[in-house]
Amino acid sequence: MALKLAYETWGEGSHPLLLLHGFTGNRSSFDHLRPLMADKVKAISVDLPGHGQTPLPTRTGREGFLETVEALVRVLDEVGVNKANLLGYSQGARFALAAAMSQPARFGRLVMESGSPGLHRRQERTERRAKDANLATFIRQRGVEAFVAHWESQPIFAGLRKLSPEQQETLRARRASCTVEGLVGALECLGLGVQPDYWPELQRQRLPTLLLTGALDDKFTQIARRMAAELPVVWRRTFEDCSHAPHLEVPEEYAREVISFLQTPWYESPEFENAVPDKSAAGGQ
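Everything in this summary refers to the structure shown in the same document. Every chain begins its residue count from 1, and numbering advances along the sequence as written. Given that the model is predicted, a residue must reach a pLDDT of at least 70 before its local features are reported, and side-chain atom pairs must reach 80 or more before they are shown or counted; all residues, however, enter totals for whole chains, interfaces and linings. Calculated side-chain values reflect all of the structure's heavy atoms, with hydrogen atoms and water omitted.

Regarding unusual backbone geometry
- The backbone of S90 sits at a positive phi, close to 55 degrees, despite the residue not being glycine.
- Residues other than glycine seldom take positive phi values, yet D241 does so here, at roughly 55 degrees.
- The helix count covers DSSP runs of H or I at least four residues long, the strand count covers runs of E at least two residues long, and both are numbered beginning at the N terminus. With respect to the helices and strands, D241 occurs in the loop between β7 (234–239) and α9 (246–249).

Dropping the structure here:
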């Protein structure tokens with residue numbers, strides 16, 4: 001039986017937007033953006049496998065990753081959308097790029113926040129799989145609560161510690177709602193170590209793309225710079241005083257950037273009314 005992703009829709013805008021959350025998130029991860037974006041987008045927010053109400057893929061490793069990409073395209077069929085824009089954060093950004101590469105005719109514009117095209121060297125992929133296997137063992141042995149404490153302590157998430165107590169509690173509750181089986185399975189099927197390497201293929205990714213990172217997240221800002229040098233139609237925006245999750249750290253500024261990008265006039269796109277932009281309108285670099 002084909003993998004089926006749980007999802008919900010919100011917004012009354014004219015821009016269909018498929019939302020893909022990060023590791024330990026779920027389809028509610030972008031709910032705080034509703035007041036800022038609901039009048040401009042028609043959001044389709046999914047639970048990726050092992051998160052929320054979506055089961056794990058029927059296949060493991062790389063095949064499970066590709067099975068998830070196929071399931072994302074089927075979500076568009078289920079909601080009756082022929083062509084949508086993509087927005088993904090971290091883990092979700094990797095899937096947004098994979099979907100765009102797999103079925104470019106089904107997507108219009110791509111927004112990647114703190115994402116990566118994969119690992120280019122075989123040794124890097126091997127090392128990452130070993131790292132994820134160790135993390136999976138930690139989760140099995142210590143449980144979700146201990147894992148969440150460990151996950152939140154990483155320097156890459158330092159910016160989230162500036163959120164209000166209420167916002168931090170909402171984020172922690174979302175992470176704590178994950179299950180051991182879901183997190184372990186997600187590491188095994190969705191992880192960077194099993195993802196195909198899309199670096200060599202970036203030059204053929206023709207969708208207009210916006211790359212978003214936080215200035216304090218040097219690793220992913222450098223990745224975005226490298227991607228920008230390869231992608232044919234690309235903008236890049238780095239948010240000051242932000243780490244890995246600008247959508248949480250500076251939501252108002254983030255929403256303005258995304259909406260500006262989606263509303264930029266294009267030409268040569270029969271279904272999105274234009275495909276090469278006036279770059280000044282997107283607000284990026």
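Additional details are given in the paragraphs that follow.
Digging into the layout of surface pockets
- Throughout, the protein atoms alone are placed on a 1 Å grid, and a set of points is a cavity if a 1.4 Å probe fits but cannot get out or a pocket if it is open with protein on both sides within 12 Å along at least five of seven lines; lining residues have an atom within 4 Å of a point. Grid points are joined across faces, edges and corners, and a volume is the space filled by probe spheres set on the points. For the largest pocket, the calculated volume is near 820 Å³.
- As for the largest pocket, its lining consists of 38 residues, of which F23, S90, R128, W151 and F157 are closest to the centre.
- Amino acid classes used here: Ala, Val, Leu, Ile, Met, Phe, Trp, Tyr, Cys and Pro are nonpolar; Asp, Glu, Lys and Arg are charged; the rest, including Gly, are polar. Across the lining of the largest pocket, the residue classes break down as 17 nonpolar, 14 polar and seven charged.
- In this structure, the second largest pocket encloses a volume near 200 Å³.

Considering the side chain of N85
- In this structure, N85 sits in strand β4 (residues 84–89).
- Partly exposed describes any residue whose relative accessible area lies between the buried limit of under 20% and the exposed limit of over 50%, with all areas from a 1.4 Å probe on protein chains only and scaled to the type maximum. Judged by relative accessible area, N85 falls into the buried class, the value being 1%.
- Polar side-chain contacts of N85 include one of 3.0 Å to the backbone nitrogen of R109. Polar contact is the term for a pair of N or O atoms within 3.5 Å; when the atoms are in protein, one must be able to donate a hydrogen and the other to accept it, and sequence-neighboring residues count only if both atoms are side-chain atoms.

Digging into the pairing of strand β3 (residues 41–46)
- The buried fraction of β3 amounts to five of the six residues, a majority that puts the element mostly inside the structure.
- For two strands to be treated as a pair, DSSP must find at least two bridges joining them. Pairing of strand β1 (residues 7–10) with β3, which is carried by four bridges, proceeds in the antiparallel orientation. By the bridge assignment, T9 is partnered in β3 with I44.
- Relative to β3, strand β2 (residues 15–20) runs parallel, the two sharing five bridges. Paired with L19 across the strands is S45, a residue of β3.

Here's the deal with the packing of aromatic side chains
- Geometry of aromatic contacts follows a simple scheme: Phe, Tyr and Trp rings, the Trp one being its six-membered ring, pair when their centres are within 6.5 Å, and the pair is stacked under 30 degrees between planes, edge-to-face over 60, tilted otherwise. Overall, the coordinates contain seven aromatic pairs when judged by the stated rule.
- Note on W235 and F261: the rings are 5.9 Å apart at their centroids and 65 degrees apart in plane angle, and the pair reads as edge-to-face. A residue pair is termed long-range when its members are at least 10 positions apart, and W235 in strand β7 and F261 in helix α10 (residues 251–263) qualify at 26 residues. There is no split in this pair, since W235 and F261 are both buried.
- Pairing F239 with Y254 gives two aromatic rings, centres 6.2 Å apart and planes at 35 degrees, and the pair type is tilted. Here F239, found in strand β7, pairs with Y254, found in helix α10; they are 15 residues apart in sequence, far enough to count as distant.

Concerning empty space enclosed by the protein
- For the structure shown, the criterion picks out two cavities of 30 Å³ or more.
- Taken as a whole, the largest cavity spans an internal volume of roughly 40 Å³.
- Forming the walls of the largest cavity are M112, E113, S114, G115, L211, L212, T213, F220, A224 and M227.
- Residue assignment for the lining of the largest cavity shows that the elements contributing at least two residues are β5 (107–113), β6 (209–214) and α8 (218–230).
- Of the residues that constitute the lining of the largest cavity, the class distribution is six nonpolar, three polar and one charged.
- The computed volume of the second largest cavity comes to approximately 30 Å³.
- Every residue along the wall of the second largest cavity is listed here: W10, L17, L19, F30, L33, M37, L87 and Y254.

Let's talk about helix α4 (residues 122–142)
- End to end, α4 covers 30 Å across 21 residues, agreeing with the expected 30 Å (1.5 Å per residue, within 8%).
- What α4 keeps buried is the set R125, D132, L135, A136 and I139. Each buried residue of α4 lies within a common arc of 105 degrees when the element is viewed along its axis, so the set occupies one face. Structural note: α4 exposes Q123, K131, N134, Q141 and R142 on the side pointing more than 90 degrees away from its buried face.
- Contacts are assigned to residue pairs that have any heavy atoms within 4.5 Å of one another. Of the surrounding elements, those touching the buried residues of α4 are α5 (144–152) and α7 (180–190).
- G143, located one to two residues past α4, shows a positive phi value of around 90 degrees. To estimate how far a helix should extend, the number of its residues minus one is multiplied by 1.5 Å. The arc in question is traced by the directions running from the helix axis to the C-beta atoms.

Re the packing of helix α2 (residues 61–79) against α7
- In this analysis an axis means a line fitted to C-alpha atoms, helices contributing only their contacting stretch, and an angle means the value between N-to-C directions, from 0 to 180 degrees. α7 packs onto α2 with a crossing angle of 95 degrees between their chain directions and a minimal axis gap of 7 Å. The angle between α2 and α7 places the two elements in the roughly perpendicular class. Two secondary-structure elements touch here, α2 through G61, G64, F65 and T68 and α7 through E188, C189 and L190.
- Residue composition of the contact of α2 with α7, by class: three nonpolar, three polar and one charged. Oblique is the label for any angle not under 35 degrees, not over 145, and not in the 65 to 115 range, which are roughly parallel, roughly antiparallel and roughly perpendicular in turn.

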